[in-house]
Structures are given as C-alpha cells and as structure tokens.
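Reading the structure
Given next are the chains, with one letter for each unit.
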Amino acid sequence: MSSSRRLVVVLGEGIAIGLFIGGVLGWWEVWLNSDLTHRMYWLATQRLAGPMVPGAGWGALASATLALLLGELARRGRRPLWIGIVCLEHLWIAALAALAFPFRDTALLLHRFSTYGLTRTVFGSIAAASFLLLTGRSLDALNRAWNSGDLDITDAEARGRASAGGITGRRFAGFLRAWGALRRLRFVIAVLALASAGLLLILWVLLPRLSAVRASGRPSVILVSIDTLRADRLGALGSARPRTPLLDGIATEGMVFEQAMSAAPWTLPSHASLFASRLPFDQRRLWDYNHEVPLRQTLLAEWFREAGYRTAAFTGGGYVSSRCGFGQGFEIYEDHDELIEGGPETIAAAALAWVRAVGRAPYFLFVHTYEPHYPYLHADFANPADAGRLPRVVSPKEVDAIHRGELILSEAERRYVTDLYDGDVAHADRVIGGFLQTLTRQGILDRALVVVLSDHGEELWDREPAYSPDHGHSLYQELVHVPLVVRWPGRVPAGSRIRKPVSLIDLAPTLLALTGLPGDPAHQGRSLARTMQTGEEPPPRSILAEAIEYGPDRFMIREGDLKVVLTPYPNRFNLVPIPAHTLEVFDLAADPLERHDLSAHLTKPVAEMVDVLWRRARGVLSGAVRQDDQGPPLPEDLLQQLRSLGYLH
Ligand SMILES: [Zn+2]
C-alpha cells in the first residue's frame, strides 16, 4: 500500500469514528429534546452537525497520533510494540472507567437528563467506537512489525514468514493477512468518511448563513433577568429611594407592567416557567435543588434557534445554569460565578462582546445576574453605625445563622441588611443598566426588543423574621410581585403602564407573537402582544403561582386585585416547618402589603378561586402525599363555608 493511500486510511478511519461518536452525542441531544416529535428539524440538524464536525477533527487527530506512535514502536521491534499496545489499552480502560463514573456528569452532561439505559447505550457506543480505532491502529502496526512494513503481504510471503514462528506465529500471521486483505474496503470507507466530513464541514459553515436568511427581517430580543429584585425597589414602580436610575430610564422609554407576577418564588421553577410558559408543577411534580427543567418540553430559545436566530446566554449559573436544563436552544450558554469574578461586570462584558460580534443577524440574548441576591456587598445606602454585630458584608453564613435562630437581628441591624440589599440593587442597575445604555449609545438597542424582569423578590422582614432575608418560602407579594419592563422603540408605546396583573408565563408566547413566530400549543401563558403594541389593558385572567422551595406547599391564585393563598397541609413541609394558615384572602387594592386576611367571610368569587386552587393542589399533591399523611384536607368550618357556597362537593 502506498504511503498516500495509508494516510487516507489512517485519517479517513479516524474521521469515520469521530463522525460516529459526534453523531451519537448529537442524536442523544435530539432524542432527549424530542426535537423530531416537536418538528424542530432545523434545530435537530444543528444539534447533529454541532458535535459531528469537531468529532471528525478529533478522530483524525487521534488516529494520526496513534499511527505515528505505534509506527515508531513497530520500527523498533515487536517487543516495544507489544508493550506500547498493552499500555495504550490500559490507558483506554482507565479513561473509560474515569468517564463512566467520577467524571460522568462533567463529560456526559446530558446524562443528568437521560435514563440510565440510554446513557449506557451512548457510552457503550463511544467505548466500542474508540476501541475499534485503537485496535485498527494496533493491528496495522503489528502487521508492519510482523511483515516488515506493509499491509498487503501476499499469501506466500505470509506463509513463508509465519513458518519460522511455529504454530502461534502462523495463526497470527494468518490473522494479520486477513486484516491486510481488508485494505480495499478500508480505503473505500476512508474515502467516503473524508467526503462526508467535507460535505458536513460545508453544511456547518453554511448553517449560520442559512439561519440568518431564515430569520432575516425579524427583530432581535434581549431578555434580562435580575435575580431577587423586588418590584418595589424600582423607581419606575414607585420606589422613592433612587436605586435604579438607569433601569427607570429604560422603563420611561417603554412599557411598565405594574403587577407582573412570577409563577414561583425561587430561581429554578421561576425561570423554568418563564422559558417553558408552563406552571412549575405542570413541568415536574417536585422541584428541588438537584432537579432540572425536563428536556422534553421546548424552551423559548429553541423556538428562536429553530427560526434561524443566533442565540446566546450569559448567566450567573447556579439554578439558571445549563446543568439545570436552561441551555436548550442556545448556541452559547456561559455560566459565570459572580462571587469569583467579583460581580456581574464580566457577564455584561461577555454579552456586549457577543452582541457586537453578531452584528445585524437577528439574535436572542439572555442575560442573568445574581447581584441583588445575598451575599449583600454594596454599602451605598448603609449606615455603618447600624451594622451592630454584622460584618460589613452580609454573606450566606449570617443568613444561615438567622434561619437557625442563632442570630436575631435588632431593628438597626435589619435596616443595615435592607440597606445593603438596596446597595446591591443599585449596583445591578449600574452594571446591567449600564450595559443597556452602552447598547443604546451604539444604536444596537433601538433595533431590539428588550425585556427586563426578575424571577422573584426577597423577603426583608415583611412578615417572617426567621426567614428574612430570603425567598422561596411563601407566595406573598414581596416574593412573587416582580418588575417587568419592555422597551421596543416605535412598536411599544413609550411611557405606557399596564395596571392589570400579568404572569411571567405570558412572556414566551408574547415574544413569539411579537417576532412573528408561530405559537407553541404547550404554552399555558397568553400572548400580551396586543397590549404591548397598543398600550391597552389585557383582558382579565387568573394568575397562578406555586412550587415553594421550603416550608409547607402553598398555592396562589390572583384575579384582578383579589388574591387567595392556599396551604392545604400546613403541617407537612419541605425541609423546615414554617407556620402557615390554610387559607388566606387579600384585596391587594385596599391592602397591598397583605396584612388583612379576608378568609373569614368568603364571597362567591373568592370561593370560586379557592375551588380552583383546591383542585390544583389536590391534583399536584395526590401523588406525592401518602394517604395516612394527609390528615383533614381543609379545616371543617372552611369546608362548610365553601360547601354552603356550592363548592368542594
Ligand atoms: Zn432567583
């Protein structure tokens, strides 16, 4: 075999193996995301091509390296070659063992979303393919050592050479001869693999351009989530203290939703509901720190990418990281650590660089920061004399001590913590508001639809001293009332305000409608496109929230200014007990701070709302609550009251 043909075989076989492994990984992603069921063919092509092209490159490199290494050993003799092969096989086994267990979640990220059977199949395929490559290169080298260097030895030669080595050598030479006889087939496979890789490379280069053609004419969308930002901290929503001048500027140029509600009071289910436009418990029955967004449902970024948008996310990680399932549909999903990086500046800088690089192609950009989340770092508004026993910076250590009852804060200390929180809000405004201001100055923002929101608020001694500061444990306004601001010059009327309550699950269908993309039948939210384009109030609709992080499970419904919170099993809690009333009713117009529970006298509309919540709670919890654990479903007087109004029969 000529050296050029040998090179084609070495590279081509490596490429074939690389394409196969890349294809298996790509197919795994397509399968887990149900792309074909959801008819996301364009996205599926991108998911497949994504790992296959680099796979081909790595395969060629691995094959060439093995060929060089083993060829050199073969030149030195059979003994060094055998030692080399045995060492390589041990290395291969060690690498597989490392992959299979200790680094499984790092190397095979999708394993978190996969069944064990499927992961094993994928892993087995990768193991078999890499073994094939190692074996092929080893046999070539052995053939060389045994037969002085060429694959295509003749029968006579093989017999002659083997006869000197006795029965074992004869058999082995026969085996090597059979391997050598495959040379034509191997050459053809190698040429086909090279051609396929070439075609795939062309497709890979063309895909972004074809995508840009598909998406051309559609507006870009920038979605900013400032984690843990209470609605009442925005100047645009009535705060007297000047914490957010830059975001207020964005608000005056666009639309402010005065009563936006998140679907959950903590990060993971709130963002999951935002991107899936589905209530938390309709996505999964349990939300905990080690859970993730089910991949089978389609997230907003996937619709944009399917339509040809460029997509990128720059986040503070944690519950919003790609590991939690939020990477779906994003070409780039960068999880930052703001504690290590010293703030959200790096996130803003990365997002800015990406937007500039994308140029005029339509894009969907998601930016997220944990800046107002503890640790509270910025003392803009804090008086050091208030700090008392607290350090200058309030970290999770102090927050934990408060939760455990080891640290009970004085009035001044509470004020100090609240002022630090406000300082963090101000810093989020400086960095994220500054990022948007830079985009405005460069004319980029005027070509995009911008949404700024938060996933939930923060309780700061509004009612529960043992769980302040924190979130996740209740469904009162300080946690579920969130900022929502939209800016789109020329399309969304500047300075407009919407009073009626809306939910963050309305956002995904709204953005699809505003960008002219088809709606997703799985979405539970409604499109607010008409409201955003005309400034008209949306029609009334019930708004729900649920999925607390700790304490007893609570369910919330809001209709206009009426709000009902149901805690069906106050004594059955996640992680820690928190005292709760079974039923609370508030009129937010008269009582925005939810101080006066109206549940003693249920009106018919309120009873209807309780009925809706009770059915939902029962549907959600029936599978999770053991029969003997349930106790009385609702207090008897409440049951009687509801029955007298015609409910709960
Ligand atoms: Zn959050």
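A few points on the structure. The structure presented is a predicted model; accordingly, all values stated were derived computationally and were not measured.

Okay, the sheet that holds strand E6 (residues 363-369) next. Taken in spatial order, the eight strands of this open sheet run E5-E4-E6-E1-E7-E9-E2-E10, and their pairing is mixed. The open sheet has two free edges, formed respectively by strand E5 (332-335) and strand E10 (496-498), since each of these has just one partner strand. Between one strand axis and the next, the sheet turns by 10 degrees as a mean value, whatever way the strands run. The pairing of strand E2 (residues 255-257) with strand E9 (residues 484-487) spans two bridges and is classified as antiparallel. In the sheet register, Val-256 faces E9, and the bridge partner there is Val-485. Lying over the sheet, helix H16 (residues 411-441) contacts strand E1 (220-226), E6 and strand E7 (448-453), oriented at roughly 175 degrees with respect to E1.

Here we take up the pairing of E6. A large share of E6 lies buried, amounting to seven of its seven residues. Residues Tyr-363, Leu-365, Val-367 and Thr-369 point to one face of E6 and Phe-364, Phe-366 and His-368 to the other, with burial holding for every one of them. Across six bridges, E1 lies against E6 in parallel orientation. Bridge pairing in E6 places Ser-225 opposite His-368. Bridging between strand E4 (residues 310-315) and E6 involves five bridges; their strand directions are parallel. Directly across from Ala-312, in E6, lies its bridge partner Leu-365.

Attention now goes to unusual backbone geometry. Residues Tyr-374 and Pro-375 are joined by a peptide bond in cis, for which omega reads 10 degrees. Take Pro-375: it is sitting in the loop between E6 and helix H15 (396-403). Look at the link from Ser-468 to Pro-469: it is a cis peptide, with omega at -5 degrees. For Pro-469, the location among the structural elements is in the loop between E7 and helix H17 (477-480). With a phi angle near 65 degrees, Thr-228 is a residue other than glycine that sits in the positive phi range. In this structure, Thr-228 sits in the loop between E1 and helix H9 (245-252).

Here is what the cut-offs are and how they apply
Residues numbered from 1 in each chain as written. Predicted model: local features only at pLDDT ≥ 70, side-chain atom pairs only at ≥ 80, totals over all residues. Pairing = 2+ DSSP bridges. Helix = DSSP H or I, 4+ residues; strand = E, 2+ residues; numbered from the N terminus. Axes fitted to C-alpha atoms, helices over the stretch in contact; angles between N-to-C directions. Contact = placed C-beta atoms within 7 Å. Buried ≥ 20, exposed ≤ 12 C-beta atoms within 10 Å, placed from the backbone.

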